[in-house]
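Structural overview for review
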Amino acid sequence: MSAWVYAGAGVGGGISSSAATEAAVKLPAPAFDSATSATAAPAAPEIAVFAGGCFWGVQAVFQHTQGVLNAVSGYAGGDKATASYSMIGSGRTGHAEAVHITYDPKLVSYGKLLQIYFSVVHDPTQLNRQGPDSGTQYRSAIFYQNDSQKQVAERYIAQLEAAKAFPGKIVTQLTPLAPPLAFYPAEGYHQDYATLHPRQPYIARFDLPKIANLKTMMPELYRDMPVLVSQAAQ
């Protein structure tokens, strides 16, 4: 969320009528995906890190996703020394507002998470912005953990481009999340924000519709009760 939106909402101000909510897009599942199996031997939880605009909404959608064990808002793509909300807002630290997702690969695949990311979470054709928020910190980016995730993401983007799923070109960056890059959790007041502040004007206009779209478009992946950071920490 851009500073003017956050400040305006906090003091009862409105959101510009020119700021449109990103529309969800019905997308096919990835033709190439990582394997999931309920009968396989127990598998360790896996990690996905996605950036797609304000992390409040990204976090909220994945907190309502089946198979997700935890979703933490934070910063990826920059140094630890500048990984704070007050500094990344300049757009010059290299960070993107991102969400660190821990998920059970027996229940949901990496490809399915990508399907949600591209369909419901954000508009991947917007360069360095989402809705009313602009700057490199709001860029569309996938921070992959390994070659398998990179391959699934690359093939899915190629699949969507070939199908002309969007009116514009997908500008999502693929970046390895490996040293010296890392993920840094955001300040505590950013965590579980959509759940804790459903009446905040920004949340009501831009983020609650994303959760509703997940429920409508992919009901098999939707969970009514979100898994919260505060719960996972207990």
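The structure contained in this document is the topic of the report that follows. As the structure is a prediction and not an experimental result, all values here were calculated from the model.

Within the largest apolar cluster, 50 residues are counted, with the highest numbers of intra-cluster contacts made by Phe 50, Phe 62, Tyr 110, Leu 114, Ile 116 and Phe 118. In terms of residue count, the dominant contributor to this core is helix H4 (residues 110-121) (8 residues). Leave out the neighbours within four places in its chain, and Tyr 110 touches Asp 33, Ser 34, Ala 48, Phe 50, Tyr 103, Ile 142, Tyr 144, Gln 149 and Val 152. Counting residues in each nonpolar core, the second largest holds 11 residues, with Val 49, Ala 51, Ala 98 and Val 229 among its members.

The tally for this structure, following the rule as stated, stands at 9 aromatic pairs. Taking 5.7 Å as the distance between ring centres and 40° as the angle between the ring planes, the aromatic pair formed by Phe 50 and Phe 62 counts as tilted. In this pair, Phe 50 sits in strand S1 (residues 46-52) while Phe 62 sits in helix H2 (residues 55-63), placing the two residues 12 residues apart along the sequence. With 5.0 Å between their ring centres and 40° between their planes, Tyr 202 and Phe 206 make a pair best called tilted. Here Tyr 202 pairs with Phe 206, and both are found in helix H7 (residues 201-217), just 4 residues apart, close to one helical turn. Phe 206 sits in the buried class, given a relative accessible area of 1%. Through a chain of ring-to-ring contacts, the aromatic side chains of Phe 50, Phe 62, Tyr 110, Tyr 117, Phe 118 and Tyr 156 assemble into a single cluster. One Lys or Arg, Arg 155, reaches over the ring of Phe 32 and ends 4.0 Å from the middle of that ring.

This brings us to unusual backbone geometry. Phi angles above zero are rare outside glycine, and Asn 128 is one such case at about 55°. As for its placement among the helices and strands, Asn 128 is situated in the loop between H4 and strand S4 (129-130). With a relative accessible area of 25%, Asn 128 lands in the partly exposed category. Phi at Asp 192 is positive, roughly 60°, even though this residue is not glycine. With respect to the secondary-structure elements, Asp 192 resides in the loop between strand S8 (183-185) and helix H6 (193-196).

This part covers the side chain of Arg 139. By secondary structure assignment, the location of Arg 139 is in the loop between strand S5 (133-134) and strand S6 (140-144). Here Arg 139 occupies a buried position and makes no salt bridge, while the nearest side chain of opposite charge, Glu 97, is found at 10 Å. A polar side-chain atom of Arg 139 sits 2.7 Å from the main-chain carbonyl oxygen of Gly 94. Only 2.9 Å separates the side chain of Arg 139 from the backbone oxygen of Thr 136, close enough to count as a polar contact.

Before going further, it helps to examine the pairing of strand S2 (residues 68-76). Most of S2 sits inside the fold, with 8 of its 9 residues counted as buried. Note that S2 and strand S3 (residues 96-103) share 8 bridges and pair antiparallel. Note that in S3 the partner of Ala 71 across the bridge is Ile 101. Summarising the sheet, S2 and S8 pair through 3 bridges and their orientation is antiparallel. Among the inter-strand pairings, Tyr 75 is bridged to a residue of S8, identified as Tyr 184.

Scanning the entire structure with this criterion turns up 3 salt bridges. Lys 106 serves as the salt-bridge partner of Asp 104, at 3.1 Å between the closest nitrogen and oxygen. With relative accessibility at 13%, the residue Asp 104 sits in the buried group. Among the salt bridges present, the one from Asp 207 reaches Lys 210, with a minimum N-O distance of 3.9 Å. Of the two residues, Asp 207 and Lys 210 both sit in helix H7, 3 residues apart, roughly one turn of that helix.

So, how was this worked out
- Residues numbered from 1 in each chain as written.
- Predicted model: local features only at pLDDT ≥ 70, side-chain atom pairs only at ≥ 80, totals over all residues.
- Heavy atoms only, no water.
- Core = buried A, V, L, I, M, F, W, Y, C linked by side-chain atoms within 4.5 Å.
- Buried < 20%, exposed > 50% of the residue type's maximum accessible area, 1.4 Å probe, protein only.
- Helix = DSSP H or I, 4+ residues; strand = E, 2+ residues; numbered from the N terminus.
- Contact = heavy atoms within 4.5 Å.
- Phe/Tyr/Trp six-rings, centres within 6.5 Å; stacked < 30°, edge-to-face > 60°.
- Lys NZ or Arg CZ within 6 Å of the ring centre and 35° of its normal.
- Lys, Arg positive; Asp, Glu negative; His and termini not counted.
- Salt bridge = Lys/Arg side-chain N within 4 Å of Asp/Glu carboxyl O.
- Polar contact = N/O pair within 3.5 Å; in protein donor to acceptor, adjacent residues only side chain to side chain.
- Pairing = 2+ DSSP bridges.

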